[in-house]
Amino acid sequence: PGGLPGRFHGGFRMRKDKPPLQPRDRALGLLSRREHSARELKRKLQQKGVAVDEATEVVGEMGERNYQSDTRFAESLVRKRALDGYGPMRIRAELASHGIVREAATLAITSADVDWVQIARRVFTAKYRDTEAADHKDRQKRAAWLAARGFDGATVRAVTRAEVDD
């Protein structure tokens, strides 16, 4: 409206002549929003057209400056997923998908101040609203649901008082 230069998008004026972000600036922008694993940051840079070698270099620089840390990323993801009601086995698998080595994943999970039984009980109660299982098959179904969320057999038994395999 009214002959203003540029175009409007969502109530904000967008500049047509804005130069594209440099890879370092793009990486810093991503890291300023949340922690990223090195693998994830590299992948996102490549998706925006950054060459593999340059993405590797930028991610390495971000790590050297301690702007990017796989350790911080792992700790952050463990806290978030635990709050979301997921167990350590599922979290470990997700960390692996982000390129976090098994030892670092184990350290992040074990060093988190988390009561896995309490978390499992909370999500179980929220799902089943303290209703009793109708029969053996229903107990198995409930136990399998907790196991699929990443809780181990001992935690599942503690919450459901039923063997996963029985």
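None of these values were measured; they are calculated from a predicted model.

Rules used throughout
- Residues numbered from 1 in each chain as written.
- Predicted model: local features only at pLDDT ≥ 70, side-chain atom pairs only at ≥ 80, totals over all residues.
- Heavy atoms only, no water.
- Helix = DSSP H or I, 4+ residues; strand = E, 2+ residues; numbered from the N terminus.
- Buried < 20%, exposed > 50% of the residue type's maximum accessible area, 1.4 Å probe, protein only.
- Contact = heavy atoms within 4.5 Å.
- Core = buried A, V, L, I, M, F, W, Y, C linked by side-chain atoms within 4.5 Å.
- Axes fitted to C-alpha atoms, helices over the stretch in contact; angles between N-to-C directions.
- Parallel < 35°, antiparallel > 145°, perpendicular 65-115°, else oblique.
- Left-handed = near helix turned anticlockwise from the far one by under 90°.
- Nonpolar A, V, L, I, M, F, W, Y, C, P; charged D, E, K, R; others polar.
- Expected span 1.5 Å × (residues − 1).
- Arc of directions from axis to C-beta.

**Focus on the overall build of the chain**
Alright, step 1. Broken down by element type, the chain carries 9 helices and 2 strands.
Alright, step 2. The N-to-C order of helical and strand elements in the chain reads β-β-α-α-α-α-α-α-α-α-α.
Alright, step 3. Residues classed as buried in the chain amount to 33% of the 166 residues present.
Alright, step 4. Considering only residue pairs separated by 6 or more positions, the chain has 56% of its internal contacts joining residues 24 or more positions apart.

**So, the nonpolar core**
Alright, step 1. Of all hydrophobic cores here, the largest spans 24 residues; its most connected members are Val78, Ile91, Leu95, Trp116, Leu146 and Phe151.
Alright, step 2. For this core, the secondary-structure elements that each account for two or more residues are helix 4 (70–83), helix 5 (88–97), helix 6 (102–111), helix 7 (116–128), helix 8 (136–148) and helix 9 (153–160).
Alright, step 3. Looking at this core, the element that brings in the most residues is helix 7, giving 6 residues.
Alright, step 4. Residues in contact with isoleucine 91, not counting those within four places in the same chain, are Leu77, Val78, Arg81, Ala82, Tyr86, Ile109 and Trp116.

**Remarks on the packing of helix 4 against helix 5**
Alright, step 1. Contact geometry for helix 4 and helix 5: axes closest at 10 Å, N-to-C directions at 140 degrees. In terms of orientation, helix 4 lies oblique with respect to helix 5. Of the two possible hands of crossing, helix 4 and helix 5 adopt the one that is right-handed. Residues Phe73, Ala74, Leu77, Val78, Arg81 and Ala82 of helix 4 lie in contact with helix 5, whose contacting residues are Ile91, Glu94 and Leu95.
Alright, step 2. Of the residues that constitute the contact of helix 4 with helix 5, the class distribution is 7 nonpolar, no polar and 2 charged.

**Focus on the environment of glutamine 22**
Alright, step 1. Topologically, glutamine 22 is positioned in the loop between strand 2 (12–14) and helix 1 (23–33).
Alright, step 2. Taking the relative accessible area as the measure of exposure, glutamine 22 reaches 49% and is therefore partly exposed.
Alright, step 3. Distance from glutamine 22 to valine 50, taken between C-alpha atoms, is 9.0 Å for residues 28 residues apart in sequence.

**Some points on helix 3 (residues 52–64)**
Alright, step 1. Under the 1.5 Å per step criterion, the end-to-end length of helix 3 is 18 Å for 13 residues, consistent within 8% with the ideal 18 Å.
Alright, step 2. Restricting attention to buried positions, one finds in helix 3 the residues Ala55, Val58, Val59, Glu61 and Met62. Taken end-on, helix 3 shows its buried residues confined to a sector of 160 degrees, consistent with a single buried face. For helix 3, the exposed residues lying more than 90 degrees away from the buried face are Asp53 and Glu64.
Alright, step 3. One or two steps after helix 3, the chain reaches asparagine 66, where phi turns positive at roughly 65 degrees.

As far as function goes, none of this settles anything; it's purely spatial.
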